[in-house]
Amino acid sequence: MNDSSTTEIRRQGLKLPPQSWLLGAGFLTLYLLLDWASYVEPLRDTNITPWHPNTGLVMALLLARGARWAPLVAFGIFTGELLTGEGPSPWQVLAPTSLYLAAVYACAAWALRRRGLDRPIGTPQGAAWFAGVTAVAGGFAAAGYVAILVSGGLLNSSEAWSSVGRYWIGDFNGIIALTPVLLLLKVDRAPLWEEIRRHRRELMLQALGAVFGVALAFALAAARDVRLFYPLFAPVTWVALRHGVPGAMISVSLVQAALLAALALTPGSIPLFDVQFPLLSLGVTALFLGALATQHDRALRQMHDQDAVLQRSMRFAVAGQLASALTHELNQPMTAMLSYVRSAELMTEPLARVDERLAATLRKAGEQAGRAAAVLRRLREFYRGEGARLEPTDALSVCARVAEALRDRMRRSAVEFELRNRAGLPSVMVDRTQLEIVIHNLLTNCLDAFDALPARGSRGRRIELAAEVRGADVLIAVDDSGPGIAPNVMDRLFEPFVTNKMTGMGLGLSLSRTFLLHQGGDLWTEPSRLGGSRFVVRLATEPTPQTSL
Amino acid sequence: MANSGTVFLIDDDVGVRDSLSLLLSLKGVRTLPFVNAESFIETYRPEWPGCVLTDLRMPGMTGLELQAALRGRGMEVPVVMLTAHGDVATACAALKNGAFDFLEKPIDDGLLLQVLENALRVDRERRAATASRSSADARLERLTAREREILTLISAGHPNREVASRLGISPRTVEVHKARVMEKLACRSLAELIRMHGTSG
């Protein structure tokens, strides 16, 4: 750690900003409120209750803000014990327990923060670390707390083990149910509200399911002394899979609250301790399922984002190629026109005396043609952009990434794709984005060709991508079992505006070839052993001077 | 500049070919149009004075390939490239390979004429230099071994007496040889003699 950050911390420690005072006061108020609300079914003569949502709050604060807040936590625990219960324990017991518990939670929070878990949980690994560290910390907290009580003579040693269990499950449950939800407050909450708004009807159904589950559990318990909590798993699993960690953990805390409310309304129907185990497994299950769903969602979104970026740069490149091709095509007639006009000017020189407007008119015609040419040139220069940025690139990983982004489309088109991987390819010198565009183009060409086929024939739809080393080059070949290239476009395949697609512009292959030629590579076609077309991309492994057409 | 050479105009686009040859002929430049580089290479003879004005991008042989093919055959006709695709990298490649100039379509006719006149002048000068060198070479061929020896020594700046003592002959004989060399090479002065000996190396 360098000096400036040390002084930064020291300064913050000495002089707290007003938000910190507000946060501290809010924490204390909420802590005492939760402590009071959860003071149910204490163990005889002690404050050991089987449910500690206040510990969840403590963990959330320490995770989000760091161990600097441990003294406030200790103070909170001390005050809480003092105010609640059937009479405070002597301060010789209160002081060490408060300090000890604050220290244990601070250590747990420190361990989790090192893993980057001061933010909402987003992966199953994160969930595993969170659950594991919390369970261990709960164990230490319970054992230490009970040990202090026993040594202070407040607890009979014969009751020690059951007290430890009771305390542990209360802590663990409180943290699992409340901390992940509170951590959600740390990040941007707008997407969460947006999601709630969007899925309002579904959320209503899910809530209804949960209420029904809780009601069923209590009705059965009251009527036939059966403790059935399984119905609660269905709605919570549903929420977790649909909405990830936020949905899962919010629903777990709501179910907990509903259960406790039901317990409070029907005293004695079920002992809280019995509810705790199903609740704990519900919480852990929801946490893991939610983390899995969140991770999956994120991966999907990243894939789509990447695809969108590729599409965007491809559109830009296509526009550039279009501008370039247009300039070329229009510059030829423009040159002819200008030369004819100049010739006409020369030829009409003797007639200038007859009508002086003739020369002026021809001059203006020439100027207008020149103006049109200048517009074309500007257009092309705008789209030319920067030149290719050549860098050492693993060509196969680029291919794999592009193929991955197209996997949905391949599935829809019932195409079997194989990346025939040759290990030990040297890295190539290419512009990564341009190579992505080239591979994307070749693969979508194959897919378009398959999609244009009338019905799904018996012939297997297959695309193969293989890479090999040849001399100082890497060759990447894309084979397909499609209809192949129509003979009428074969000769002019790489020219702009040549296509046999219904909706194509005929720029993809011409663009791809231009890219590769500029990077010292090439693109050509060969007959494929799969029966369709085969395109071969040649990439240089060493930087070559950029050559041109 | 009517008799100073022909512009060999190569472009696949009929409009460009027709309009440019019309314009150039109006400006008094003789033009010979070709549809593609291949037909030009087939037709062209190195003894024809002139310069090449070719499009860069054509189906078949491109302008750059034509340039390389001409160099490969030892034809030193100046090549002016025309492109509808102003592209710095291509222009650099063309100029590095010895293109005379590189112009972007559509071209200003004044600039085109200036470039072509320069190219034709370079071609003319090159031909003249080759011609005078070959006539000098032919004249030097007619000298005898002894006469050539004396020419070399005189060109190196030695006086007659020293040449005579080196070769072991009398200064009078050196005078006679020198007079015959001057006559054979059609030189009127010693300075002219030395210059001619220098150019034909």
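Residues numbered from 1 in each chain as written. Chains lettered and ligands numbered in written order. Predicted model: local features only at pLDDT ≥ 70, side-chain atom pairs only at ≥ 80, totals over all residues.

### Re the overall build of chain A
What counts, and what does not: Counting from the N terminus, the helices are the DSSP runs of H or I reaching at least four residues and the strands are the DSSP runs of E reaching at least two. Here, residue contact means that the backbone-derived C-beta atoms of the two residues sit within 7 Å.
For chain A, the helix and strand inventory stands at 17 helices and seven strands. Of all intrachain contacts in chain A linking residues separated by at least 6 positions in sequence, the fraction that spans at least 24 positions is 74%.

### Overview of the overall build of chain B
So the rule is basically this: Each residue is classed by its C-beta neighbour count within 10 Å, where at least 20 other C-beta atoms makes it buried, 12 or fewer makes it exposed, and intermediate counts make it partly exposed; the C-beta atoms are placed from backbone geometry.
Secondary structure summary: chain B contains nine helices and five strands in total. Along chain B, helices (α) and strands (β) appear in the sequence β-α-β-α-β-α-β-α-β-α-α-α-α-α when read from the amino end. Looking at chain B as a whole, 31% of its 201 residues qualify as buried. The contacts in chain B between residues at least 6 apart in sequence include a share of 63% that link residues at least 24 apart.

### Section: the environment of A:Glu464
All names here are of chain A. For Glu464, the position within the fold is in strand 4 (residues 462-470). Using a count of 19 C-beta atoms within 10 Å as the deciding quantity, one classes Glu464 as partly exposed. A C-alpha to C-alpha distance of 4.9 Å links Glu464 and Glu418, two positions 46 residues apart in sequence. Ignoring sequence-local partners within four residues, the contact set of Glu464 consists of Glu418, Arg420, Asp479 and Leu530.

### Considerations on the sheet that holds strand 1 (residues 6-10) of chain B
Residues and elements named next belong to chain B. Basically, it comes down to this: Should DSSP find at least two bridges between two strands, the strands are regarded as paired. Note on geometry: axes are lines fitted to C-alpha atoms, helical ones only across the stretch in contact, with angles between N-to-C directions running from 0 to 180 degrees.
Read across the open sheet, the five strands follow the order 2-1-3-4-5; overall the sheet is parallel. Taken across any chain shown, the strands that pair with only one partner, and hence form the sheet edges, are strand 2 (30-34) and strand 5 (101-104). In this sheet, adjacent strand axes meet at a mean angle of 20° when their direction is disregarded. One ladder, built from four bridges, connects strand 4 (residues 79-83) with strand 5; its direction is parallel. Pairing of Leu82 across the sheet is with Leu103, part of strand 5.

### Comments concerning the nonpolar core
Formally: We call a set of buried Ala, Val, Leu, Ile, Met, Phe, Trp, Tyr and Cys residues a nonpolar core when their C-beta atoms link them within 7 Å.
Ranked by size, the top nonpolar core spans 74 residues in total, and within it A:Leu62, A:Val73, A:Tyr105, A:Val236, A:Ala248, A:Ala286 and A:Leu287 carry the most contacts. Discounting residues that sit within four places of it in the chain, A:Leu287 has contacts with A:Ala127, A:Ala131, A:Ile176, A:Pro180, A:Ala248 and A:Met249. In terms of nonpolar packing, the next biggest core, distinct from the first, is built from 42 residues, A:Ala369, B:Val52, B:Leu66 and B:Phe100 among them.

### Brief notes about helix 17 (residues 508-518) of chain A
All names here are of chain A. Taking burial as the measure, the eleven residues of helix 17 include nine buried ones, the bulk of the element. Tucked inside the fold, the buried residues of helix 17 contact helix 11 (272-347), helix 15 (432-451), strand 6 (522-527) and strand 7 (533-540). Once helix 17 finishes, Gly520 follows within two positions and takes phi at roughly 80°, a positive value.

### A closer look at the interface of chain B and chain A
The line we're drawing: In this count, Pro and Cys sit with the nonpolar residues alongside Ala, Val, Leu, Ile, Met, Phe, Trp and Tyr, while Asp, Glu, Lys and Arg are called charged and the others, Gly among them, polar.
Taken residue by residue, the interface counts 21 residues in chain B and 23 residues in chain A. The leading source of residues in the side of chain B that touches chain A is helix 1 (residues 14-26) of chain B, at seven residues. When the residues that make up the side of chain B that touches chain A are grouped by side-chain class, the tally is ten nonpolar, six polar and five charged.

### A few points about the pairing of strand 2 (residues 416-420) of chain A
Residues and elements named next belong to chain A. Counting buried positions along strand 2 gives zero out of five residues, so the element sits mostly on the surface. Note: strand 2 against strand 4, five bridges, orientation parallel. Its bridge partner being in strand 4, Glu418 is matched across the sheet by Glu464.

### Comments concerning the environment of B:Arg30
All names here are of chain B. Looking at the element boundaries, Arg30 is found in strand 2. Overall, Arg30 belongs to the partly exposed group, with 16 C-beta atoms counted inside 10 Å. Between the alpha carbons of Arg30 and Gly50 there is a distance of 9.2 Å; along the sequence they are 20 residues apart. Leave out the neighbours within four places in its chain, and Arg30 touches Thr6 and Val7.

### Examining the sheet that holds strand 2 of chain A
Residues and elements named next belong to chain A. The sheet built from five strands is open, its strands ordered 2-4-5-7-6 with mixed pairing. Looking at strand neighbours, the two that pair on one side only are strand 2 and strand 6, the edges of this open sheet. For this sheet, the mean angle separating the axes of adjacent strands, direction not counted, is 20°. As paired strands, strand 6 and strand 7 are joined by six bridges and run antiparallel to one another. Across the sheet, residue Asp522 finds its bridge partner in strand 7, namely Arg538. The strands that helix 15 touches are strand 4, strand 5 (473-480) and strand 7; relative to strand 5, the one it contacts most, it runs at about 15°.

### A few points about helix 6 (residues 124-151) of chain A
Owing to its 3.6 residues per turn, the α-helix brings residues three or four apart onto one side. The cut-off we apply is this: To estimate how far a helix should extend, the number of its residues minus one is multiplied by 1.5 Å.
The end-to-end C-alpha separation of helix 6 of chain A is 40 Å, in line with the 40 Å expected for 28 residues at 1.5 Å each. Following helix 6 of chain A by one or two positions, A:Gly153 has its phi on the positive side, about 80°.

### Digging into the confidence of the model for chain A
All names here are of chain A. Under the convention used in this document: What pLDDT expresses is the predictor's confidence in each residue, scored from 0 to 100.
Of all residues in chain A, 87% have pLDDT values of 70 or greater, and the mean over the chain is 81. Of the regions scoring below 50 in pLDDT, residues 1-14 engages in two contacts with residues more than four places distant in sequence or in other chains. In this model, residues 545-549 is a region of pLDDT below 50 whose contacts with residues beyond four sequence positions or in other chains number 16 contacts.

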